[in-house]
Amino acid sequence: MSKPTMIAEGLRRDAIAVDVALDGLSGLRKLQLGAYDVLVLDRDLPGLHGDDVCRAVVDEGLLTRVLMLTASGAVRDRVEGLGLGADDYLTKPFAYDELLARVLALGRRTRPALPPVIERAGIVLDTARRQARRHHRELALTRKEFAVLETLMRADGGVVSGEDLIEQVWEEHAGYDTNPVRVALSRLRAKLGDPPAIETVPGAGYRIARHPGPASASGAGRAAR
């Protein structure tokens, strides 16, 4: 398994949707076609050099944050990489946990500022620790379920379409089949329990309920179904 694939698999295990490009030109094409929060960019890419990819991101005004990876730890090289427009810089070899922390930090900078712990509809979502609970009950969520819930909670009551969930949570090979979204939402709703926290807006998408009804005595402590 290649290093980019290993990084991608690690990020996916941490509920982050990832697309992989093994050369600079295909990576730039992906960036131009899709909206990405963070680009983990190896400086020494074949085809189109990582420096040129970084310049293109800046020149084209893309909102993607750039974490540049390089084998050189020299101060001059770090300064040069940041001067190209990279937002952060990580020297190889690196610890995966540090890369994850930097990716999450950069991802927060691409969206309106929100605290690392988000509370909506009785749900407490700790995005830094990747933990969720509702009514003081820990939720055992899969990485997809966590990512769907985070996307909905970040919308702060706004409607998120099935297509937007596919774009933000699933990888590019998922296409625009929203059946995986419906399956993930069904399981997520069961784990969240009562009162219902996720509303379906016909013809538009889904949102976190602003004022969910009170939990029943039997439902307040119900385990995941």
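Worth saying up front: this structure is predicted, and the values here are computed from it rather than measured.

Peer 1: Looking at this structure, how should I read the pattern of salt bridges?
Peer 2: Where charged atoms from two side chains of opposite charge come close, those side chains can pair. This structure, assessed with the given rule, holds 13 salt bridges. For Lys-92, the salt bridge identified is with Asp-42, shortest N-O distance 3.0 Å. On the criterion of sequence distance, the pair formed by Lys-92 in the loop between strand 3 (88-91) and helix 5 (96-109) and Asp-42 in strand 1 (residues 38-42) is long-range, its members being 50 residues apart. Given the relative accessible area of 26%, Lys-92 is considered partly exposed. Residue class for Asp-42 comes out partly exposed when judged on its relative accessible area of 23%. Here Asp-51 and Arg-43 are joined by a salt bridge, their closest N and O atoms 2.6 Å apart. It is possible to trace a salt-bridge network through shared partners that takes in Asp-88, Glu-98 and Arg-102.

Peer 1: I keep staring at the packing of helix 6 (residues 143-154) against helix 8 (residues 179-192) and nothing clicks. Help me out?
Peer 2: Each pair of packed helices can be summarised by the angle the axes make with each other and by the distance between the axes. For the pair helix 6 and helix 8, the least separation of the axes is 10 Å and the interaxial angle reads 80 degrees. Judged by the inter-axis angle, helix 6 sits roughly perpendicular to helix 8. In this structure, helix 6 uses Glu-145, Val-148, Leu-149 and Leu-152 to contact helix 8, whose residues at the interface are Ala-184, Leu-185, Arg-187, Leu-188, Lys-191 and Leu-192. Residues of the contact of helix 6 with helix 8, tallied by class, amount to seven nonpolar, no polar and three charged.

Peer 1: How do you make sense of the environment of Val-159 when you look at a structure like this?
Peer 2: Inspection of the secondary structure assignment puts Val-159 in the loop between helix 6 and helix 7 (162-169). Classification of Val-159 by relative accessible area gives partly exposed; the value is 40%. The sequence separation of Val-159 and Glu-199 amounts to 40 residues, and the corresponding C-alpha distance is 9.1 Å.

Peer 1: Which parts of the structure should I look at to understand the sheet that holds strand 1?
Peer 2: What holds strands together in a sheet is hydrogen bonding between their backbones, with the strands either parallel or antiparallel. As summarised here, the arrangement of the three strands in space is 1-2-3, forming an open sheet in which the pairing is parallel. The two strands at the open ends of the sheet, each matched to only one other strand, are strand 1 and strand 3. Between one strand axis and the next, the sheet turns by 20 degrees as a mean value, whatever way the strands run. Taken together, the four bridges between strand 2 (residues 65-70) and strand 3 define a ladder with parallel strand orientation. Opposite Leu-69, over in strand 3, you have Leu-90 as the bridge partner. Helix 4 (residues 75-83) contacts strand 2 and strand 3 of the sheet and is inclined by roughly 145 degrees relative to strand 3. The sheet strands contacting helix 5 are strand 1, strand 2 and strand 3, and the helix crosses strand 2 at an angle near 155 degrees.

Cut-offs applied
Residues numbered from 1 in each chain as written. Predicted model: local features only at pLDDT ≥ 70, side-chain atom pairs only at ≥ 80, totals over all residues. Heavy atoms only, no water. Salt bridge = Lys/Arg side-chain N within 4 Å of Asp/Glu carboxyl O. Helix = DSSP H or I, 4+ residues; strand = E, 2+ residues; numbered from the N terminus. Buried < 20%, exposed > 50% of the residue type's maximum accessible area, 1.4 Å probe, protein only. Axes fitted to C-alpha atoms, helices over the stretch in contact; angles between N-to-C directions. Parallel < 35°, antiparallel > 145°, perpendicular 65-115°, else oblique. Contact = heavy atoms within 4.5 Å. Nonpolar A, V, L, I, M, F, W, Y, C, P; charged D, E, K, R; others polar. Pairing = 2+ DSSP bridges.

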